[in-house]
Amino acid sequence: MKYMNAAEILPEELLKEIQTYIDGGVLYIPKISSKKEWGSVSGSRKFYQKRNKEIQFLFENGCSIETLSKQYGLAHSTLKKIIYG
């Protein structure tokens, strides 16, 4: 990461606004595209979304929380969050 002087790149108005928050300090500005959603790379997000929809479907069709707890290995409180959340 290359150090850059803000006074050389930022407009004067923006520099003054930033200086009201941090005056003379070092500030890291992350890349816009560097943050990805949780589980988007590994596929975990899709896996859990599919599982949660299955749980909701089973519950709506008469499956008890106790049965779902045994089937999926999840705590009752976790299942309630999935079903009612």
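Our subject is the structure that appears above.
So, here is what we can say about the structure in this document.

Criteria and cut-off values
- Residues numbered from 1 in each chain as written.
- Predicted model: local features only at pLDDT ≥ 70, side-chain atom pairs only at ≥ 80, totals over all residues.
- Heavy atoms only, no water.
- Phe/Tyr/Trp six-rings, centres within 6.5 Å; stacked < 30°, edge-to-face > 60°.
- Buried < 20%, exposed > 50% of the residue type's maximum accessible area, 1.4 Å probe, protein only.
- Patch = residues over 30% accessible without salt bridge, like charges linked within 9 Å, V, L, I, M, F, W, Y side chains within 5 Å.
- Areas by Shrake-Rupley, 256 points an atom, 1.4 Å probe, with all protein chains shown as cover.
- Salt bridge = Lys/Arg side-chain N within 4 Å of Asp/Glu carboxyl O.
- Helix = DSSP H or I, 4+ residues; strand = E, 2+ residues; numbered from the N terminus.
- Arc of directions from axis to C-beta.
- Contact = heavy atoms within 4.5 Å.

1. Notes on the packing of aromatic side chains
Okay, so step 1: Tallied over the full model, the rule gives three aromatic pairs.
Okay, so step 2: Centroid distance Phe47 to Tyr48: 5.0 Å. Interplanar angle 75°. Geometry classified as edge-to-face.
Okay, so step 3: What makes Phe47 exposed here is its relative accessible area of 51%.
Okay, so step 4: Taken together, the ring pairs in this structure connect Trp38, Phe47 and Tyr48 into an aromatic cluster.

2. A word on a nonpolar patch on the surface
Okay, so step 1: A surface patch of nonpolar side chains, amounting to about 380 Å² of accessible area, comprises Trp38, Phe47 and Tyr48.
Okay, so step 2: Among the secondary structure elements, Phe47 is positioned in helix H3 (residues 44–60).

3. Section: helix H5 (residues 76–84)
Okay, so step 1: Taken as a whole, H5 has its buried residues at Leu79, Ile82 and Ile83. Taken around the axis of H5, the buried residues stretch over an arc of 95°, which confines them to a single face. More than 90 degrees from the buried face of H5, the exposed residues found are Lys81 and Tyr84.
Okay, so step 2: On its buried face, H5 sits against H3 and helix H4 (65–72).

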